[in-house]
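Each chain is listed here by its residues.
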Amino acid sequence: MSSAGQLALIGRRSVSRTFRQPVLVAPVIIFPLVLLAVNAAGLASITELPGFPTDRYINFAIVVCFVQGALFAAITAGTELASDIQTGFTDRLALTPVRRWAMLAGATAGGASIAVVGSVVYLVIGLIFGVQIDTGVLGAVTLLALAIYTALAFAGIGAWLAVATGSPQAVQGVFPLLFVFLFLSTMNLPIDFIQKDWFKTIAEWNPLSYLIDGMRGLVIGGWDASTLLPAIAVATAIMFVTFAGAARSLRKRVQRT
């Protein structure tokens, strides 16, 4: 069987298994939208500050939903793959001619597919509630594509954690740490509005800030390569490093077993 066929078979299994579990799907859709509603209502007055880039906070905050969805994708993908490792399915699969990259990418397809569905829902809900995208229809399509690309990259984080630990509980235990990184970014304020030096320094170096700013630029900043290209570069780097690390860890795990 070709590599594409292997990927399709493993991916189909992952997607069908994931969507049969509403407990995995519902949080990805609901939680980011709830947090968006809370922030849009509670932080609306920030738009009155001189120099704030938009007069409606929902325009500023909508992109955080996409990054949150990607984080959920990472945990879901990692949890499902770790479950396969724990039950021995991955070891049995490794005895077949299936390629390692197809095994990893296919196993994370379920988590990534939830993020794809979530990204579409976030965009539609945002437009319904008045989000205005400065870059127009093409910008909305680009925003959706970047969000999906980010979710695929973050699925690699889950895959790496799953193969390294082999424990669904260990993967889920990393989830709060990932959210700490989200809150220590430009999630709620532009970098120039952050007053605390330590917070500003962390936000400036935080990879999530680049992703958020790249998506946000499409909504409220127009076409700006200085924010869009770094976001694509960061997502690409995350995807390359994490899936490469997962493949290396999988090779060692198979050798041990």
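Refer to the structure presented above.
Residues numbered from 1 in each chain as written. Predicted model: local features only at pLDDT ≥ 70, side-chain atom pairs only at ≥ 80, totals over all residues. Heavy atoms only, no water.

What follows is about the packing of helix α3 (residues 57-87) against helix α9 (residues 175-183). Between α3 and α9, the least distance of the axes is 10 Å, while the angle of their chain directions is 160 degrees. The orientation of α3 with respect to α9, classified from their angle, is roughly antiparallel. Here the hand of the crossing between α3 and α9 comes out right-handed. In this structure, α3 contributes Val-67, Gln-68, Leu-71, Phe-72 and Ile-75 to the contact, and α9 contributes Phe-175, Leu-178, Phe-179 and Leu-182. Split into classes, the residues belonging to the contact of α3 with α9 amount to eight nonpolar, one polar and no charged. (Axes fitted to C-alpha atoms, helices over the stretch in contact; angles between N-to-C directions. Helix = DSSP H or I, 4+ residues; strand = E, 2+ residues; numbered from the N terminus. Parallel < 35°, antiparallel > 145°, perpendicular 65-115°, else oblique. Left-handed = near helix turned anticlockwise from the far one by under 90°. Contact = heavy atoms within 4.5 Å. Nonpolar A, V, L, I, M, F, W, Y, C, P; charged D, E, K, R; others polar.)

Inspection of the entire model under this criterion finds four salt bridges. The partner of Asp-84 in a salt bridge is Arg-13, with the nearest N and O atoms 3.1 Å apart. With Asp-84 in helix α3 and Arg-13 in helix α1 (residues 3-19), this pair connects stretches of sequence that are 71 residues apart. Residue Asp-84 is classed as buried on the basis of its relative accessible area of 5%. For Arg-13, a relative accessible area of 30% gives the class partly exposed. Linking Arg-17 and Glu-80 is a salt bridge whose minimum nitrogen-to-oxygen distance equals 3.0 Å. Taken together, the residues Arg-17 in helix α1 and Glu-80 in helix α3 connect sequence positions 63 residues apart. (Salt bridge = Lys/Arg side-chain N within 4 Å of Asp/Glu carboxyl O. Buried < 20%, exposed > 50% of the residue type's maximum accessible area, 1.4 Å probe, protein only.)

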